[in-house]
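Chain by chain, the residues:
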Amino acid sequence: MNARRRRGFTLVEIVVATVILSLVAVGFFATFLSARYLVERSKRRSKAMEIARERIEVMRREIRADRWYAGNASDTLLPTGAWTGWDAAMHTGYSVRYKVDPGPVNTEYRKVTVQVRCD
């Protein structure tokens, strides 16, 4: 009879092993989901930074084309201090807005703030 008991596992041992294996599997799954979420969030942030840089480059071209100062500026670059409306036309899934504030000392300077949100 002793030889027979040593050949296999008891039901309690199998249940305990199954519970331990399940807990480990749940931990790996939670880690995988968290990593996936962080990768997606990082991709969205990188895309938002790219969009903001693109918008700033458009404004930089306006500056270099000498359309920045009040006499020659387009309406979008006058220092109003108010946010523009959210513009979603250029990039699918993202909206962009910006504001132009007067510079601290000289009227030739502008402070430009760009915001990008993921819709």
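Residues numbered from 1 in each chain as written. Predicted model: local features only at pLDDT ≥ 70, side-chain atom pairs only at ≥ 80, totals over all residues. Heavy atoms only, no water.

### Observations regarding the packing of aromatic side chains
Step number 1: Across all of its chains, the model carries zero aromatic pairs by this definition.
Step number 2: Between Arg97 and the ring centre of Trp83, over which it is positioned, the NZ or CZ distance is 4.3 Å.
Step number 3: In this structure, Arg117 is placed above the aromatic ring of Trp86, and the distance from its NZ or CZ to the ring centre is 4.2 Å. (Phe/Tyr/Trp six-rings, centres within 6.5 Å; stacked < 30°, edge-to-face > 60°. Lys NZ or Arg CZ within 6 Å of the ring centre and 35° of its normal.)

### Thoughts on the environment of Asp119
Step number 1: By secondary structure assignment, the location of Asp119 is in the segment after strand 2 (110–118).
Step number 2: Residues Asp119 and Thr92, spaced 27 residues apart in sequence, show a C-alpha to C-alpha distance of 8.7 Å.
Step number 3: In contact with Asp119, not counting residues within four places along its chain, are Ala88, Gly93, Tyr94 and Ser95. (Helix = DSSP H or I, 4+ residues; strand = E, 2+ residues; numbered from the N terminus. Contact = heavy atoms within 4.5 Å.)

### Quick notes on the pairing of strand 1 (residues 94–102)
Step number 1: The element strand 1 is largely enclosed, with a buried count of seven among its nine residues.
Step number 2: Bridging between strand 1 and strand 2 involves nine bridges; their strand directions are antiparallel. Bridging from a neighbouring strand, Val96 pairs with Val116 of strand 2. (Buried < 20%, exposed > 50% of the residue type's maximum accessible area, 1.4 Å probe, protein only. Pairing = 2+ DSSP bridges.)

### Topic: the side chain of Arg55
Step number 1: Checked against the element boundaries, Arg55 lands in helix 2 (residues 11–64).
Step number 2: Other than its neighbours up to four places away in sequence, Arg55 contacts Asp87, Met90, Val96, Tyr98 and Val114.

### Some thoughts on the nonpolar core
Step number 1: Residues Ala48, Ile51, Ala52, Met59, Tyr94, Val96, Tyr98, Val100 and Val114 constitute the largest nonpolar core, which totals nine residues.
Step number 2: Listing elements by their share of this core, those giving two or more residues are helix 2 and strand 1. (Core = buried A, V, L, I, M, F, W, Y, C linked by side-chain atoms within 4.5 Å.)

### Section: the confidence of the model for the protein chain
Step number 1: The predicted model of the protein chain has a mean per-residue pLDDT of 82, with 78% of residues at 70 or higher.
Step number 2: Within the protein chain, the element-level pLDDT minimum falls on helix 1 (residues 2–5), averaging 55, and the maximum on helix 2, averaging 92. (pLDDT = per-residue confidence, 0-100.)

### Concerning the pattern of salt bridges
Step number 1: All told, the structure shown has three salt bridges when counted by the stated rule.
Step number 2: Here Lys43 makes a salt bridge to Glu40, at a shortest N to O gap of 4.0 Å. Placement of the pair is Lys43 and Glu40 together in helix 2, with a separation of three residues, close to one helical turn.
Step number 3: Overall, Lys43 belongs to the exposed group, its relative accessible area being 51%.
Step number 4: Put simply, Lys47 and Glu50 hold a salt bridge, and the shortest N to O gap is 3.8 Å. (Salt bridge = Lys/Arg side-chain N within 4 Å of Asp/Glu carboxyl O.)

### Here's the deal with the side chain of Arg97
Step number 1: Of note, Arg97 is situated in strand 1.
Step number 2: At 2.8 Å, the side chain of Arg97 and the side chain of Gln115 are in polar contact.
Step number 3: Apart from the residues within four sequence positions on either side, Arg97 is in contact with Trp83, Thr84, Gly85, Trp86, Thr113, Val114 and Gln115. (Polar contact = N/O pair within 3.5 Å; in protein donor to acceptor, adjacent residues only side chain to side chain.)

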